[in-house]
Amino acid sequence: MKGSIDYKDFVKLQTQLEQADMDIFCRKCSKELAARLLQKVKPRTPVGNYDNLMPGYERDTAGTLRRNWTGGKDMDPYTYAQSLPVKKQGADYVITVKNPTEYASYVENGHRQTPGRYVPAIGKRLKASWVEGQHFLKISEDEIKTLSPALLEKRLEQKLREVLRD
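Residues numbered from 1 in each chain as written. Predicted model: local features only at pLDDT ≥ 70, side-chain atom pairs only at ≥ 80, totals over all residues. Heavy atoms only, no water.

Chemist: So what's going on with helix α2 (residues 22–44)? Which residues, and what values?
Modeler: End to end, α2 covers 33 Å across 23 residues, agreeing with the expected 33 Å (1.5 Å per residue, within 8%). Summarising the contacts, the buried residues of α2 are in contact with α3 (64–67), α4 (77–82), β1 (86–89), β2 (92–95) and α6 (136–165). The N-cap of α2, judged by a side-chain oxygen 3.2 Å from the amide nitrogen of D23 a few residues on, is D21. (Helix = DSSP H or I, 4+ residues; strand = E, 2+ residues; numbered from the N terminus. Expected span 1.5 Å × (residues − 1). Contact = heavy atoms within 4.5 Å. Polar contact = N/O pair within 3.5 Å; in protein donor to acceptor, adjacent residues only side chain to side chain.)

This is the structure in structure tokens:
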């Protein structure tokens, strides 16, 4: 028994896959994941309350920590994520989402303080030696890690349909 195989379709498929720019696809997916992270972390980020400041202290601008997730502007997370650079490191695509606010890590992770120390701005003495972190970034990261495999599978399926349709 003899048979023959026509490889033209395999060659066509290989050509279509080679022409698909997977680098651009991976960068777009990275930016989408970054935008989704910003969309989750920004509303979770606490906003300071400056209503009870002692006389003589300037009222700070509430929302600095939250606003700084998007470069200090009240900007849509998707728009801001598009401006973030994506670096390729080996087989990985890396996008850095950060909050440049000086005290961000203390609010996220917690911090020590000296009990009994008087803080004139709030007109009170500190009571606890440790202030628990609020973990708004960690919670958001965990949600994105859970969501990302399904999202990336969906995007890849869309990309393959687009490539194979041509």
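Chemist: Tell me what's going on with the pairing of β1, and back it up with residues and numbers.
Modeler: Two faces belong to every sheet, and in a regular strand the side chains alternate between them. Sheet analysis places β1 next to β2, joined by 4 bridges and oriented antiparallel. For V86, the partnering residue across the bridge sits in β2 and is I95. (Pairing = 2+ DSSP bridges.)

Chemist: Describe the environment of L164, listing the residues and the values that go with them.
Modeler: Considering the arrangement of structural elements, one finds L164 in helix α6. Along the sequence, L164 and L13 sit 151 residues apart, while their C-alpha atoms lie 7.4 Å from each other.

Chemist: Pulling in residues and values, what's your account of the nonpolar core?
Modeler: Soluble, globular proteins show a tendency: their nonpolar side chains are buried together. L38, W69 and V97 are the most contacted members of the largest nonpolar core, which totals 19 residues. Those elements giving two or more residues to this core turn out to be α2, α4 and α6. With 6 residues, α2 is the single largest residue contributor to this core. Beyond its immediate stretch of four places on either side in the chain, W69 contacts L38, V41, K42, T45, Y80, V97, K98, N99, F136 and L137. (Core = buried A, V, L, I, M, F, W, Y, C linked by side-chain atoms within 4.5 Å. Buried < 20%, exposed > 50% of the residue type's maximum accessible area, 1.4 Å probe, protein only.)

Chemist: Could you give an account of the environment of S140, naming the residues involved and the relevant values?
Modeler: Inspection of the secondary structure puts S140 in helix α6. In this structure S140 comes out as buried when scored by relative accessible area, which is 0%. Note: C-alpha distance between S140 and K40 (100 residues apart in sequence) is 5.7 Å. Contact partners of S140, with chain neighbours within four places excluded, come to L37, K40, V41 and R44. Within the local environment of S140, its side chain forms a polar contact with the backbone nitrogen of V41, the two atoms lying 3.4 Å apart.

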